[in-house]
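# Inside the fold
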Amino acid sequence: MAQTPSQNIENYQSNTLDLAAIQLQNQEYKSAIQTLDEVLKRAQNQDDKNKQYSGYSILGNVYLSLQDTTKSRNVFEKALVIAQELKNDTLLASSYNDLGKLYASSEEYQEKAINYLQRNIELIEKLDGSDKSLAARINLATLYLKQENFEEAYPALMQAKFASLRDSLDRKSRARVLTLLGRYYTSSKQETLAEDAFMEAIDISFSEGLVAEEEEAQKHLAKYYENNNNFEAAYYHSQRQLQLANEVFKNENQKELQVASAQFYSRENERDLEIATKEKELLDRLAESSLKTTTALLFASSILLVALFIIFTLYRARKQNLLRLREKNKQLEKAKNDAEELSKLKTQFFSTISHELRTPLYGVIGIASILLEDTEVNKHRHDLRSLKFSADYLLALINDVLLMSKMEAKNIKLEHTPFKLNTLLRSITHSFEFSLEQNNNKLHLEIDKDLPNQLVGDSVRLSQILMNLIGNAIKFNENGNIWVRIKKESITADGFYRTAFSIEDDGMGIPKNSQQSVFEEFSQVENKNYNYQGTGLGLPIVKKLLALYDSDITLVSEEGNGATFSFVINLEKATGIAAVEQQQLDAIESVHTLQGAHLLVVDDNRINQKITQKLLENKGFTCDLASDGIEAVTMAQKETYDLILMDIHMPKKDGVEATKDIRKFDTDIPIVALTAVEIDEIRHKIYKAGMDDILVKPYDVSLFLSVILRNIKNKKAQTILPTGEELLN
């Protein structure tokens with residue numbers, strides 16, 4: 001029986017919709033947009049709401065694939081309005097799923113995405129089609145895992161798992177569900193289940209040729225093995241993941257070309273429509289004027305031709321500019337990626353070299369410090385001080401390079417902790433005793449009596465500024481004087497003390513033509529009279545640190561007449577809680593004693609073990625030694641210790657994991673972290689594990705003992721020490 005014209009049109013539209021869906025699946029976005037434009041025009045002319053809904057739904061997914069979220073949202077919302085008008089639960093469920101996918105791609109709309117996905121699942125269950133909710137359940141579980149909401153993620157994953165088992169043909173979804181389950185089991189420490197889930201996901205993906213899904217599963221499995229110290233398996237799966245990532249990258253490149261083509265076509269469509277509209281308006285005006293006179297018609301036609309020529313010329317020029325701009329953007333993107341990769345490699349290099357250099361330096365500085373206290377080697381005292389000075393200088397150089405790297409990455413922020421100004425300055429001047437003696441210089445310290453002694457701020461950064469400036473003055477001066485003057489200028493409306501610092505010397509001075517370049521990295525003033533050369537990092541570091549205080553360094557100098565470096569910063573007086581904290585620290589230092597305390601030293605380096613043990617035993621401690629985290633946990637269970645010194649990087653079990661195990665049966669014992677890595681890199685991890693304090697290797701002996709004294713609790717007092725300084729004598 002022959003079909004009617006209306007049936008022919010309906011069949012044509014259905015076939016066209018199927019074609020558009022296939023074009024979307026094959027990533028032929030430009031063709032899909034052209035097809036859907038035709039479908040929607042016909043459906044709107046015939047007022048066919050169902051066809052309009054289907055067209056908008058597919059078109060929204062096309063724009064979502066093109067990453068045009070604004071157009072995608074507008075089209076999906078049109079589809080939702082039609083579904084609501086039709087009161088069709090099936091269409092409503094589909095709309096909720098589309099909007100859920102859309103909002104899931106944006107960080108700020110995660111809760112909105114969850115809401116739409118839950119509404120989709122509720123409607124599908126109401127319609128008794130739970131298998132059709134599989135995609136929504138996968139997206140919902142992915143969002144929960146991203147938010148680390150494991151309580152909600154687990155039921156969503158279980159429901160997705162059962163739905164994927166019922167739909168045996170959808171192997172891609174099954175692989176995705178298993179990978180998500182592996183991530184959940186990893187987070188919940190269900191190691192065996194996690195490994196099984198990842199392996200099954202890999203088997204399915206490999207057998208079905210699902211490259212992206214296998215790459216995702218391989219990546220998480222490699223990370224799982226790495227976290228469990230199975231480095232051989234981690235390496236194998238990492239290599240497989242990299243191989244798959246290359247294939248995904250190639251596929252993504254092809255997809256991006258198609259996306260770019262479709263986006264360009266979409267924009268060109270809009271521009272063509274705008275040009276066509278303008279042309280129509282112009283033609284209408286010309287048609288009206290043609291009724292008046294033939295001359296006016298010819299004149300208007302000439303204008304139209306000129307306008308079209310200009311538009312065509314501009315269009316071609318714009319198209320060429322777009323092509324050049326696209327090429328430039330590709331070059332800039334490549335340069336940006338290369339720069340980010342280099343920055344990441346540099347950061348990793350500095351972190352590694354910091355640890356590898358600081359660990360042996362701890363041995364050199366520690367042994368030198370111990371021998372300096374031994375009266376039997378007095379005849380070598382000068383040589384030992386030279387050795388310690390050289391090691392301290394090398395440590396300062398390492399710290400300078402790391403500090404410059406961190407400041408370049410903008411990873412430094414000012415701390416806000418209480419400190420004593422006189423204690424800070426005494427520590428600084430004490431550190432320069434050998435340098436002053438070596439160059440026969442004298443250091444004079446002048447502090448304004450109107451300045452409060454107890455302050456709140458970043459004492460570490462202030463110390464770095466002053467030590468670099470004082471060290472610079474000492475290095476370029478012989479048989480001279482250095483004056484450090486600190487003076488209160490005023491008190492601001494906010495109660496801050498506006499404080500002026502100046503470091504003056506009577507040395508060789510700096511020529512006028514070199515006074516700008518000394519603040520550039522690795523730049524140095526020519527120094528013919530002295531052996532010191534240096535790295536040229538001190539003054540650039542000072543300048544960048546002062547920028548954190550919204551301040552700057554001022555230099556006044558003439559060649560042969562010394563130099564004066566000065567700056568002004570705001571200091572806050574310690575009041576309230578900060579003052580109480582400082583008083584408590586003072587009380588601890590003045591009351592507690594080191595004599596007779598029993599400590600556990602955990603370190604895998606035998607030399608470092610012996611140095612730490614010798615330092616502590618010289619001050620009246622008794623020590624037990626452990627070489628790894630497992631041994632430390634066992635000894636902490638059997639013995640009672642006043643404090644544990646815990647190295648971070650160790651074989652078998654590191655210091656973080658050992659601390660977590662100890663905290664399960666002892667929450668009171670102080671645990672101090674020992675590390676040669678930059679504090680900022682591991683601070684959060686250390687404190688989260690339950691440690692009380694941090695010492696960075698190699699550390700100053702006075703700081704080392706001060707930290708121990710501050711953290712020891714409930715010790716039996718034998719001899720009360722008035723101050724931390726007497727402990728060092």
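Quick summary incoming for the structure in this document. (Residues numbered from 1 in each chain as written. Predicted model: local features only at pLDDT ≥ 70, side-chain atom pairs only at ≥ 80, totals over all residues. Heavy atoms only, no water.)

To continue, consider helix H10 (residues 191-208). Between its terminal C-alpha atoms H10 stretches 26 Å, which fits the 26 Å expected from 18 residues at 1.5 Å a residue. Downstream of H10 by one or two residues, Gly 209 has phi in the positive range, about 70°. (Helix = DSSP H or I, 4+ residues; strand = E, 2+ residues; numbered from the N terminus. Expected span 1.5 Å × (residues − 1).)

A few words on the packing of aromatic side chains. Enumeration over the complete set of coordinates arrives at 7 aromatic pairs. On the numbers, 5.1 Å between centres and 35° between planes, the contact of Tyr 154 with Tyr 184 is tilted. Taken together, the residues Tyr 154 in helix H8 (residues 150-166) and Tyr 184 in helix H9 (residues 171-187) connect sequence positions 30 residues apart. Relative to Tyr 185, the ring of Tyr 184 lies with its centre 5.8 Å away and its plane at 65°, an arrangement referred to as edge-to-face. For the pair formed by Tyr 184 and Tyr 185, the shared burial category is buried. Site record: aromatic cluster; members linked through ring pairs are Phe 150, Tyr 154, Tyr 184 and Tyr 185. (Phe/Tyr/Trp six-rings, centres within 6.5 Å; stacked < 30°, edge-to-face > 60°. Buried < 20%, exposed > 50% of the residue type's maximum accessible area, 1.4 Å probe, protein only.)

Position of Val 602 among the secondary structure elements: in strand S8 (residues 598-602). A relative accessible area of 0% places Val 602 in the buried class. Sequence separation between Val 602 and Leu 674 is 72 residues, and the spatial gap between their C-alpha atoms is 8.9 Å. Aside from chain neighbours lying at most four places away, what touches Val 602 is Ala 626, Asp 628, Ala 632, Ile 644, Leu 645, Met 646, Asp 647 and Met 650. (Contact = heavy atoms within 4.5 Å.)

As a further point, take the side chain of Arg 174. With respect to the helices, strands and loops of the structure, Arg 174 is situated in helix H9. Using a relative accessible area of 9% as the deciding quantity, one classes Arg 174 as buried.

Taken in spatial order, the 5 strands line up as S9-S8-S10-S11-S12 in an open sheet, and their pairing is parallel. Edge positions in the sheet fall to strand S9 (622-626) and strand S12 (693-696), since each of these pairs with one other strand and no more. Going across the sheet, the axis of each strand differs from the next one's by a mean of 20°, ignoring polarity. Note: strand S10 (residues 643-647) against strand S11 (residues 671-675), 4 bridges, orientation parallel. Residue pairing for S11: Leu 645 is matched across the bridge by Val 672. In the packing of helix H21 (residues 629-638) onto the sheet, the strands contacted are S8, S9 and S10, and the crossing angle to S9 comes to about 140°. (Pairing = 2+ DSSP bridges. Axes fitted to C-alpha atoms, helices over the stretch in contact; angles between N-to-C directions.)

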